[in-house]
Number of protein chains: 2
Amino acid sequence: MKTIEVCLTPELIHQHDLKGKVIVVADIFRATSCIVTGLAAGVKSIRPVGEIEEVKALARQGYIMAGERGGKKVDGFDMGNSPFAYQNTAIKAKKVAISTTNGSAAILKSVEASQVLIGAFLNLESVMEYLIQLTQSVVIHCAGWRGTPNLEDTLFAGALMDEVMEEFTPLGDSASIAHQLYISTHENLSGTALGSSHAKRLINYGMEEDLAFCMETNKYSVVPKLVGEELVI
Amino acid sequence: MKTIEVCLTPELIHQHDLKGKVIVVADIFRATSCIVTGLAAGVKSIRPVGEIEEVKALARQGYIMAGERGGKKVDGFDMGNSPFAYQNTAIKAKKVAISTTNGSAAILKSVEASQVLIGAFLNLESVMEYLIQLTQSVVIHCAGWRGTPNLEDTLFAGALMDEVMEEFTPLGDSASIAHQLYISTHENLSGTALGSSHAKRLINYGMEEDLAFCMETNKYSVVPKLVGEELVI
């Protein structure tokens, strides 16, 4: 039977054998929610990179510059890490290069897998449907916050597990922990996620609306995939 | 107010600033349960070391040799990692040197803290009472399994948090995850812990009785502490 694993932070991803598996990267607040929103809104492709300087270099090739550090937009960039900015019609059909504190790093640490997908509550059901028709095993890779596990990405991992449980065998205790967390809090999913350390930090920056948007479930039916170095649908 | 953090595996302990804090190491199946049992039963001291060869060197100074690799007793050693062996009257008032897969490493990675304590379900209430009278902040360090988070140690962290919540401010999402896991499973604590990957592995080796013993709550009232290189009460 296909297996499903959960990695609670990119600092533990080396413990998972990614070869031949499909990996779902989740950075709910906010990188993967932005990527799903942007590609659903018609952005041509989104290229995750590690460093601010790489985004600037790509801008010279025509990319829109998106970037965030410590929750705030990088000075001089076109966009930060708010999902609303990714709905802007001015970036439709354009290529975006993005560097964020947690999400970009998690995506770049996932490339050994046979396929890299982008997950968020916004496209939960579509990711679930995609996984169910796979023949490969799956690893859900939580971006966390600065290398530490976080509540919102772990909740997403648990929610996705709950959707696909009948088709996969859970492997490892992180999967059990994430699933149990989701089962016990799903009746107040937003409330639980908004109580996370990172959510409180972003709320202090006045980003409540971003967070509420990121917790909307099944708003989009896209499943972004990494093709070469670009995320596309 | 004093803070309380949870570290889900020794591979993430560098994310916690241990200086000036009290750390509680937990390796429920089975190292910290053995240490609590042994010291409660009259063992003089227990010295955690990393390597099998260090245990052998200490044996030449009169230490009892205890060690486990992959769940099994090291060949030629006096004891493995079963709590029942630590109740043997033959080792009363003796010094024990111990090397285990997960627990010893977690203890040795904790020494930057101002005090290192040993926790298990067996001494949960005594650890709780000890923490409440402290002036310092606390980090609960889960030994996990080969660097990965595990269910039983995370449950212990959640149980201990639940006992001391009124006296400490939780810091970071791993603390929230552990606490929520405990809250939602505490009515079937043993059943949940015995469903962990590591428990299943040990049950396959015929160690059900060890595990049931490790899940007994408040059997002993000792709080082992690291003094120099020796754990004592």
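Structure: above.
Draft legend 1. Local environment of the environment of A175(A). Residues and elements named next belong to chain A. As for its position among the elements, A175 is in helix α6 (residues 173–185). In this structure the C-alpha to C-alpha distance between A175 and E5, which are 170 residues apart in sequence, comes to 5.6 Å. Excluding its chain neighbours within four sequence positions, the residues that come into contact with A175 are I4, V6, M161 and P170.

Draft legend 2. Structural view of the packing of helix α5 (residues 151–164) of chain A against α6(A). Residue and element names in this part refer to chain A. The geometry of α5 relative to α6 is characterised by a closest axis approach of 7 Å and an angle of 90 degrees between their N-to-C directions. Taken together, α5 and α6 sit at an angle that is classed as roughly perpendicular. On α6, the residues that touch L151, T154, L155, A157, G158, A159, M161 and D162 of α5 are A175, A178, H179, L181, Y182, I183 and T185. When the residues that make up the contact of α5 with α6 are grouped by side-chain class, the tally is 10 nonpolar, four polar and one charged.

Draft legend 3. Main features of the relation of the copies chain A and chain B. Overlay of chain A on chain B (RMSD 0.0 Å): rotation 180 degrees, translation along the axis 0.0 Å. What the rotation and shift describe, once combined, is the action of a two-fold rotation axis. When the interface residues of chain A are mapped onto chain B, 100% of them are again interface residues, pointing to one common binding face.

Draft legend 4. Representation of empty space enclosed by the protein. Applying the stated criterion to the full structure yields two cavities of 30 Å³ or more. The calculated volume of the largest cavity comes to roughly 50 Å³. Around the largest cavity, the lining residues are D27(A), F29(A), R30(A), E68(A), G71(A), N81(A), T100(A), T101(A), N102(A), H198(A) and L202(A). Among the residues forming the lining of the largest cavity, the class breakdown is two nonpolar, six polar and three charged. In this structure, the second largest cavity occupies an estimated 40 Å³ of space. In this structure, the second largest cavity is lined by D27(B), F29(B), R30(B), E68(B), N81(B), T100(B), T101(B), N102(B) and H198(B).

Draft legend 5. Inspection of the pairing of strand β6 (residues 95–99) of chain B at higher detail. All names here are of chain B. Of all the five residues making up β6, four are buried; the element is thus mostly covered by neighbouring parts of the structure. Across four bridges, strand β4 (residues 64–69) lies against β6 in parallel orientation. Bridge pairing links I64 to V96 in β6.

Draft legend 6. Molecular detail of the nonpolar core. Within the largest apolar cluster, 150 residues are counted, with the highest numbers of intra-cluster contacts made by L131(A) and L131(B). Once you skip the residues sitting within four places of it in the chain, L131(A) turns out to touch K2(A), V22(A), V24(A), L117(A), V138(A), L160(A), V164(A) and F168(A).

Draft legend 7. Local environment of the packing of α6(A) against helix α6 (residues 173–185) of chain B. Direction vectors running N to C along α6(A) and α6(B) enclose 65 degrees, while the axes themselves pass 9 Å from each other. As summarised for this structure, α6(A) and α6(B) are arranged roughly perpendicular, according to the angle between their axes. The element α6(A) and its partner α6(B) pack so that their crossing is left-handed. The residues of α6(B) that touch α6(A), namely those facing I177(A), Q180(A), L181(A), S184(A) and T185(A), are I177(B), Q180(B), L181(B), S184(B) and T185(B). Grouping the constituent residues of the contact of α6(A) with α6(B) by class yields four nonpolar, six polar and no charged.

Calculation notes
Per-chain numbering applies: the sequence of each chain, read as written, is numbered from 1 onward. Here chains are named by letter from A upward and ligands by number from 1 upward, in the order in which they appear as written. Confidence filtering applies because this is a predicted model: local features only for residues at pLDDT of at least 70, side-chain atom pairs given and counted only at 80 or more, and all residues used for totals across whole chains, interfaces and linings. Hydrogens and waters are ignored; side-chain quantities use all the structure's heavy atoms. Put simply, DSSP marks the helices as runs of H or I at least four residues long and the strands as runs of E at least two long, and each gets a number from the N terminus on. Note on definitions: a residue-residue contact is assigned when non-hydrogen atoms from the two residues lie within 4.5 Å. The axes used here are C-alpha line fits, helices contributing only the stretch in contact, and every angle between their N-to-C directions lies in the interval 0 to 180 degrees. The scheme is simple: roughly parallel for angles under 35 degrees, roughly antiparallel for over 145, roughly perpendicular for 65 to 115, oblique for anything else. Residues are grouped as follows: nonpolar covers Ala, Val, Leu, Ile, Met, Phe, Trp, Tyr, Cys and Pro; charged covers Asp, Glu, Lys and Arg; every other residue, Gly included, is treated as polar. Least squares is the method used to superpose the copies, on C-alpha atoms of residues holding a pLDDT of at least 70 in both. The rule is simple: put a 1 Å grid over the protein atoms alone, call a set of points where a 1.4 Å probe fits but cannot get out a cavity, call an open set with protein on both sides within 12 Å along at least five of seven lines a pocket, and count a residue as lining if it has an atom within 4 Å of a point. Grid points are joined across faces, edges and corners, and a volume is the space filled by probe spheres set on the points. Think of it in three bands: with a 1.4 Å probe and only protein chains considered, a residue is buried below 20% of the maximum accessible area for its type, exposed above 50%, and partly exposed in between. Here a strand pair is declared whenever DSSP counts at least two bridges between the two strands. In plain words, nonpolar cores are sets of buried Ala, Val, Leu, Ile, Met, Phe, Trp, Tyr and Cys residues tied together by side-chain atoms within 4.5 Å. Crossings are sorted by hand: turned counterclockwise from the far helix by less than a right angle, the near helix makes the crossing left-handed, and turned clockwise it makes it right-handed.

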